[in-house]
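Observations on the model geometry
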Amino acid sequence: MPKRRRFPFAGLAGLILLILFLLGSGAHYYTDWLWFQSLNYRDVFLKILFTGLALKIGAACIFFVFLLANLLLTRRYVIQTVRLVTDGGQTIEQNPWQQVIGPRLVNIAFILGSAIAALIFISILTGKWLVVQQYLHPVAFGKADPIFNKDLGFYIFSLPFQLLMYRLSFGMVLFTTIMVALIYFGVDPLKGRSFWRSRAAMRHVAFLCSALLFLKAWGYYLNRFQLLYSERGTVFGPGYTDIHAGLLAIKILLVISLLAALAGIYGGIRSSLKYALYGIGTLIVVSLAMGVLYPAAVQKLLVEPNELDREQPYIKNGIAFTRMAYGIDKVERKQFPAGKTLVASDVKDNADTFANVRLWDWKPLKETYGQLQEMRLYYQFNDIDIDRYTIDGQYRQVMLAARELDQDKLPSQAQTWINRHLKYTHGYGAAMSPVNEVTSEGLPQFFLKDIPPQSTTGLKITRPEIYYGETPAPYSVVNTNTGEFDYPKGDGNVYTHYLESSGVSIGSFWRRLAFALSLNDYKLLLSSDINKDSKILYYRDIQERVKKIAPFLGYDRDPYLVVSDGRMYFVWDAYTTSRWFPYAEPYADGSFNYIRNAVKVVVDAYNGNVNFYLNDPNDPIARSLANIFPGMFKPLKDLPEGISQHLRYPEDLFSIQAEMYAVFHMQDPQVFYNKEDKWVKPSEILENQEVEVDPYYIISRLPGEDRPEFMLIMPFSPQNKKNMIAWLAARCDGENYGRLLVYEFPKQELVYGPMQVEARINQDAQISQQLTLWDQRGSSVIRGNLLTIPVKNALLYVEPIYLQAEQSKMPELRRVIVVHGDRIVMEPTLEAALSKVFSGQVQEPAQSPSDRQGEKRTIAQRIHEANQFFEKAEESLKKGDWTGYGSNLDSLKKSLQELEEFAIEPKAAPAKE
């Protein structure tokens, strides 16, 4: 009877799916290769790819060979055991495996099983390529740990690799031992009796147990160094118990492991498993006694009754190494006098500081920018950045944002493939405003605004197109037969074409096919608008773009925009981190205990070029990365001057350092042990809720300095109290960039903290009444950040007040509260508030003779008087006479209030007789 032929369609369909899968995966690697090559980071792509492949392939081969070799050693036993089991020539039981298992099937099962196990095993190696490369490119720290006297580079670069190799080796041998034992027992219908009678089987398992014990000894050797990450003591790292009990236990267990391994070898030679089992049992018992009970007894009986005395040297180590790991060992400590007050002349002498007091918070300003400057529904401001620029010769603090394209906001009927990928390809321009200037309507005064960008200063943007930004964007194909939307103009639109050579050419059929497979978009292959000159731009979200190139760095949460030489750039702070720094307290979730702002990343918003600049060449981790990727990191001196002037100390790093310094500024072990002087972040009222104060950028002149500078500051309060105890500053300008200073207040004197100032504001009857009144008239009051401004040897507090109509999302700056000493004032402008604070009193408006005689003034007379006060205020402002300026503004305010009352509620006319 002829054999029936199977219908081939199922097999053919499976083959086609496999080919498509491989093509898609291969196309993805090919397009990534083209992308890295277009950015001149081909070597980075290849090194990451081939290191990962070499590690996985090498580990898979070793695992496969080791497991298969051990499985094949069981082959003879398996085949013999599945035959009829006899006793004295009489069949006593039939093995259930006999009808299934044959020599050929055993071979196939062992090979396939070993291959599958190897593939599963290497999955744990994903992302471990960096561990290997750092092991191959170590850099010395030049500092040794206090316990084992090894350079810290050993713990950062070598120990992680050795632990990885140990865990891989131990896991491989343990898995093989379990599989071999299961085979010996699993195929035996007599429940293991054949195994105990087989000398070869006993010898095999004994040698595997011996290998496990040798590897365990290696593990104990490495465990010695892991004591430096102990969490048992009063500080992170080894304490008294770890060194005097834990380390002794590890040494004893290491010796026992070696002896047990030798006993296992001896037993294997004698075809006996009992010696290995005795060794393992002894190791378990001693491990329980020496590794658990003995350290617990030492901790309870010796350490806890005299903990400070026992732990003191280890507390010193913990403090020193934690300060080193977070870079807070270089903080300069200075004293800041408490209770000092300023006079009017101090305001004039520090005019550059008061001219840069930030009155706009980024959240309300973002909403206002959106209402005034987004122009079209498809534009958006993703973020508001704070920076400083020299504007018309003056050093000014500004807030700015890029006007990016959000394609998701296009009307639904416009969400076509051509619009999303060929026509609407980029955002346009930016908005910039000073931090302290407002219009008469309470809106920001713009330095840069509108489309095309209009400038009220010498700052210009000549390349306003934004192809790469912070807003997620799909790929775009440029230089096609379809014009790119540039910006709206009147009733029509202006169109353009991409003018630079960056991007990946997509003109050929094969590249279009590759991208169609990689991006899973067949329209790329069918579109007639794509021509031989077309280029594809992808990975356009700068965060995705930069991390694609350098996934081995950590990154700040906030890239920021820089306008330089007519172009727009995004600057992003990158960090080198490690969780292997000895004795250093881990931060937050424990993902790292060492951090440096080692790299500055600059992305061109037009052409997408990405450059990495080495900000901290003294960081060993950064130097190791530079050795791994030669030529990737450029010296910071190569950064264009127009961008280097805008480098900021990163806020995330500063927050981490501030949080660690709040505890680790205590260097005396006894003070640290009792947490006598622990600091915390203070609180403030923000948008009517109590929140922690975040670090903020200001321009100010530090005590003893002759010019103002851009800096990042953070005030501190003592734990469980609301007053201020110190403030930390990170300098950002010139040769002082990166210097950290802490100004401490005398502990015996009261300095108001932010929350205490907020309470004083709430208790001011006039201010509280006014805010409550505004909050009930169809608008809401938004209280901005309370800024603590250091001026000379005194502190001044400034809080902006915004009003937002219920039907509008456009906050307006309407009042400024200034607190200094015992004075609390709220005025329409900062200048008026400062004048009122430092004048000491508000002069009453001058009265005319007719007023003194009880004669009633007309509306025209009152308007004339108000104009006089306004003109006098302007003259005082031009002369720098803050006292006169404030006095005349107060008089103007009073005149306007009287005018309003007179117009709304006129006096009744005398009754006729």
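Residues numbered from 1 in each chain as written. Predicted model: local features only at pLDDT ≥ 70, side-chain atom pairs only at ≥ 80, totals over all residues. Heavy atoms only, no water.

**With respect to the overall build of the protein**
Formally: By definition, any uninterrupted DSSP run of H or I lasting at least four residues is a helix, any uninterrupted run of E lasting at least two residues is a strand, and each is numbered from the N terminus. Burial classes: relative accessible area under 20% of the type maximum marks a residue as buried, over 50% as exposed, and values in between as partly exposed (1.4 Å probe, protein chains only). Contacts were defined at the residue level, with two residues in contact if any of their heavy atoms lie within 4.5 Å. Surface exposure here means Shrake-Rupley accessible area, sampled with a 1.4 Å probe, where a residue is shielded only by the protein chains that are shown.
Within the protein one finds 28 helices and 34 strands. A total of 913 residues make up the protein; the buried ones form 52% of that total. Contacts spanning at least 24 positions in sequence make up 67% of the contacts within the protein whose residues lie at least 6 apart. A total accessible area of about 43,300 Å² is found for the protein, and carbon and sulfur atoms account for 54% of it.

**Some details on the pattern of salt bridges**
Filter applied, for reference: A side-chain nitrogen of Lys or Arg and a carboxyl oxygen of Asp or Glu constitute a salt bridge if their distance falls within 4 Å.
Taken as a whole and assessed by the stated rule, the structure comprises 30 salt bridges. In this structure, Arg701 engages Asp352 in a salt bridge whose closest nitrogen and oxygen atoms are separated by 2.7 Å. Of this pair, Arg701 sits in the loop between β26 (696-700) and β27 (709-718) while Asp352 sits in helix α13 (residues 351-354), and the two are 349 residues apart along the sequence. A residue is classified by how much of its surface remains accessible, and Asp352, at 25% relative accessible area, is partly exposed. Through salt bridges with shared partners, a single network forms among Asp387, Arg388 and Asp733.

**So, the packing of aromatic side chains**
Just so we agree on the cut-off: Each aromatic pair joins two rings of Phe, Tyr and Trp (for Trp, the six-membered one) with centres within 6.5 Å, and gets the label stacked for planes under 30 degrees apart, edge-to-face for over 60, and tilted for any other angle.
Applying the stated criterion across every chain yields a total of 55 aromatic pairs. Geometrically, the ring pair formed by Tyr166 and Trp218 is edge-to-face, given 5.8 Å between the ring centres and 85° between the ring planes. Of this pair, Tyr166 sits in helix α6 (residues 152-186) while Trp218 sits in helix α8 (residues 199-226); the two residues are 52 residues apart in sequence, bridging distant segments of the chain. Between Phe515 and Tyr538, the aromatic rings sit 5.4 Å apart at their centres with planes inclined by 80°, giving edge-to-face as the arrangement. Here the residue Phe515 occupies a position in helix α16 (residues 509-518), and Tyr538 occupies one in the loop between β16 (535-537) and α18 (542-549), the gap between them amounting to 23 residues.

**With respect to a nonpolar patch on the surface**
Rules: Patch construction takes residues with relative accessible area above 30% that form no salt bridge. Like charges are linked within 9 Å, and nonpolar side chains (Val, Leu, Ile, Met, Phe, Trp, Tyr) are linked within 5 Å.
Among the surface-exposed residues, Phe214, Val255, Leu258, Leu259 and Leu262 lie close enough to one another that they form a single nonpolar patch of about 430 Å² accessible area. At four residues, helix α9 (residues 240-269) tops the list of elements feeding residues into the nonpolar patch. Note on placement: Leu258 falls in helix α9. Since its relative accessible area comes to 35%, Leu258 is described here as partly exposed.

**Regarding helix α21 (residues 651-664)**
Put simply, the rule is: Helix span, expected: 1.5 Å multiplied by one less than the number of residues in the helix.
Compared with the 20 Å implied by 1.5 Å per residue over 14 residues, the 19 Å span of α21 between its first and last C-alpha is a close match. Among all positions of α21, only Asp652, Leu653, Phe654, Ser655, Ile656, Gln657, Ala658, Met660, Tyr661, Ala662, Val663 and Phe664 are buried.

**With respect to the sheet that holds strand β12 (residues 476-478)**
Put simply, the rule is: Strand pairing is assigned whenever DSSP detects at least two bridges linking the two strands.
Ordered by their spatial adjacency, three strands build an open sheet running β12-β16-β15, and the pairing between neighbours is antiparallel. With one partner strand each, in any of the chains shown, β12 and β15 (504-505) form the two edges of the open sheet. Summarising the sheet, β15 and β16 pair through two bridges and their orientation is antiparallel. What sits directly across from Val504, in β16, is Ile536.

**Some remarks on the nonpolar core**
Note the cut-off: For our purposes a nonpolar core is just a set of buried Ala, Val, Leu, Ile, Met, Phe, Trp, Tyr and Cys residues, chained together by side-chain atoms within 4.5 Å.
Leu524, Phe552, Leu553, Val601, Phe612, Met632 and Val818 are the most contacted members of the largest nonpolar core, which totals 220 residues. By residue number, the principal contributor to this core is α9, which donates 11 residues. Once residues within four sequence positions are removed from consideration, Leu524 is found in contact with Trp417, Tyr475, Val477, Ile506, Arg512, Phe515, Ala516, Leu519, Ile530 and Ile536. With 37 residues, the next largest nonpolar core counts Ala59, Val131, Leu168 and Val187 among its residues.

**Here we look at the pairing of strand β32 (residues 794-805)**
Remark: a regular strand shows side chains that alternate across the two faces of the sheet. Of all 12 residues making up β32, 11 are buried, and the element is well covered by its neighbours. Bridging between strand β30 (residues 779-783) and β32 involves five bridges; their strand directions are antiparallel. What sits directly across from Val781, in β32, is Leu803. Joining the antiparallel neighbours strand β31 (residues 787-791) and β32 is a turn of two residues, in which Lys792 adopts a positive phi near 55°. When β32 meets strand β33 (residues 812-820), the two strands line up antiparallel, connected through seven bridges. Looking across to β33, one finds that Val798 is bridged to Val818.

**Brief notes about the packing of α8 against helix α10 (residues 274-303)**
Defined as follows: Angular values range over 0 to 180 degrees, each being the angle between N-to-C directions of two axes fitted as lines to C-alpha atoms, with helices fitted over their stretch in contact. Note that the term roughly parallel is reserved for angles under 35 degrees, roughly antiparallel for angles over 145, roughly perpendicular for angles of 65 to 115, and oblique for everything else. Helix crossings are classified by the rotation of the near helix relative to the far one: an anticlockwise turn of less than a right angle makes the crossing left-handed, while a clockwise turn makes it right-handed. In this count, Pro and Cys sit with the nonpolar residues alongside Ala, Val, Leu, Ile, Met, Phe, Trp and Tyr, while Asp, Glu, Lys and Arg are called charged and the others, Gly among them, polar.
Between α8 and α10, whose axes approach to 9 Å, the crossing angle comes to 30°. Classified by the interaxial angle, the pair formed by α8 and α10 is roughly parallel. α8 and α10 meet at a crossing whose hand is left-handed. In this structure, α8 contributes Ala206, Cys209, Leu213, Lys216 and Tyr220 to the contact, and α10 contributes Ala276, Ile280, Leu283 and Ser287. For the contact of α8 with α10, the per-class residue count stands at seven nonpolar, one polar and one charged.

**Some remarks on helix α24 (residues 765-774)**
The line we're drawing: Comment: arc refers to directions from the helix axis out to C-beta atoms. N or O atoms closer than or at 3.5 Å make up a polar contact, with two conditions inside protein: a donor-capable atom paired with an acceptor-capable one, and, for residues adjacent in sequence, both atoms drawn from side chains.
Listing the buried residues of α24 in full gives Ile767, Leu771 and Trp774. Around the axis of α24, the buried residues are gathered within 65° of arc, so they sit on the same side. Relative to its buried face, α24 has exposed residues pointing more than 90 degrees away, namely Ala765, Gln766 and Gln769. Of the surrounding secondary structure, the elements contacted by the buried residues of α24 are α23 (754-763), β30, β32, β33 and β34 (823-827). Capping the start of α24 is the job of one residue whose side-chain oxygen sits 3.2 Å from the backbone nitrogen of Gln766: Asp764.

**Focus: the packing of α8 against α9**
At their nearest, the axes of α8 and α9 sit 8 Å apart, and the two run at 165° to each other. Considered as vectors, α8 and α9 are oriented roughly antiparallel to each other. You can see that α8 and α9 cross each other, and the crossing is left-handed. A breakdown of the residues in the contact of α8 with α9 according to their chemical character gives 17 nonpolar, six polar and three charged.

**Describing the side chain of Glu470**
Stated formally: Here the positive residues are Lys and Arg and the negative ones are Asp and Glu; neither His nor the chain ends is included.
Counting through the fold element by element, Glu470 comes out in the loop between β11 (465-466) and β12. Buried charge without a partner: Glu470 forms no salt bridge, and the closest opposite charge is Arg648, 9.1 Å away.

**Focus: the side chain of Asp385**
By secondary structure assignment, the location of Asp385 is in strand β5 (residues 385-391). Despite its burial, Asp385 pairs with no opposite charge; the closest candidate is Arg648, at 5.1 Å N-O. Here the side chain of Asp385 touches Leu561 through a polar contact of 3.0 Å, landing on its backbone nitrogen. Excluding anything up to four places from it in sequence, Asp385 contacts Val398, Met399, Leu400, Asp558, Pro559, Tyr560 and Leu561.

**What about unusual backbone geometry?**
A cis amide bond links Ile451 to the next residue, Pro452, at an omega of -10°. Structurally, Pro452 can be placed in the loop between β9 (448-449) and β10 (454-455). Phi at Met375 is positive, roughly 70°, even though this residue is not glycine. When you line up the elements, Met375 lands in the loop between α14 (362-373) and β4 (379-381). The backbone of Ala588 shows a phi angle near 50°, a positive value even though the residue is not glycine.

**Some words on the environment of Val504**
Relative to the assigned elements, Val504 resides in strand β15. Taking the relative accessible area as the measure of exposure, Val504 reaches 3% and is therefore buried. C-alpha separation for the pair Val504 and Gln37, spaced 467 residues apart in sequence, amounts to 8.9 Å. Discounting residues that sit within four places of it in the chain, Val504 has contacts with Leu34, Trp35, Ser38, Arg511, Phe515, Ser534, Lys535, Ile536 and Tyr538.

**Details of the environment of Tyr467**
By secondary structure assignment, the location of Tyr467 is in the loop between β11 and β12. According to the relative accessible area criterion, Tyr467 is buried, its value standing at 2%. Spatially, the C-alpha atoms of Tyr467 and Asn607 are 7.0 Å apart, while their sequence positions differ by 140 residues. Beyond its immediate chain neighbours, meaning those up to four positions away, Tyr467 contacts Thr425, His426, Val478, Glu484, Tyr498, Leu537, Arg540, Ala605 and Tyr606. Within the structure, the side chain of Tyr467 is placed 3.4 Å from the side chain of His426, a separation counted as a polar contact.

**Some remarks on the confidence of the model for the protein**
Applicable threshold: Every residue gets a pLDDT, meaning the predictor's confidence in that residue, from 0 to 100.
Looking at the protein, the pLDDT average stands at 87 and 88% of residues meet or exceed 70. Here residues 1-9 is a poorly scored stretch, pLDDT under 50, and it has zero contacts once near neighbours within four places are set aside; other chains count. The low-confidence segment residues 84-92 (pLDDT under 50) makes 13 contacts with residues lying over four places distant or belonging to another chain.

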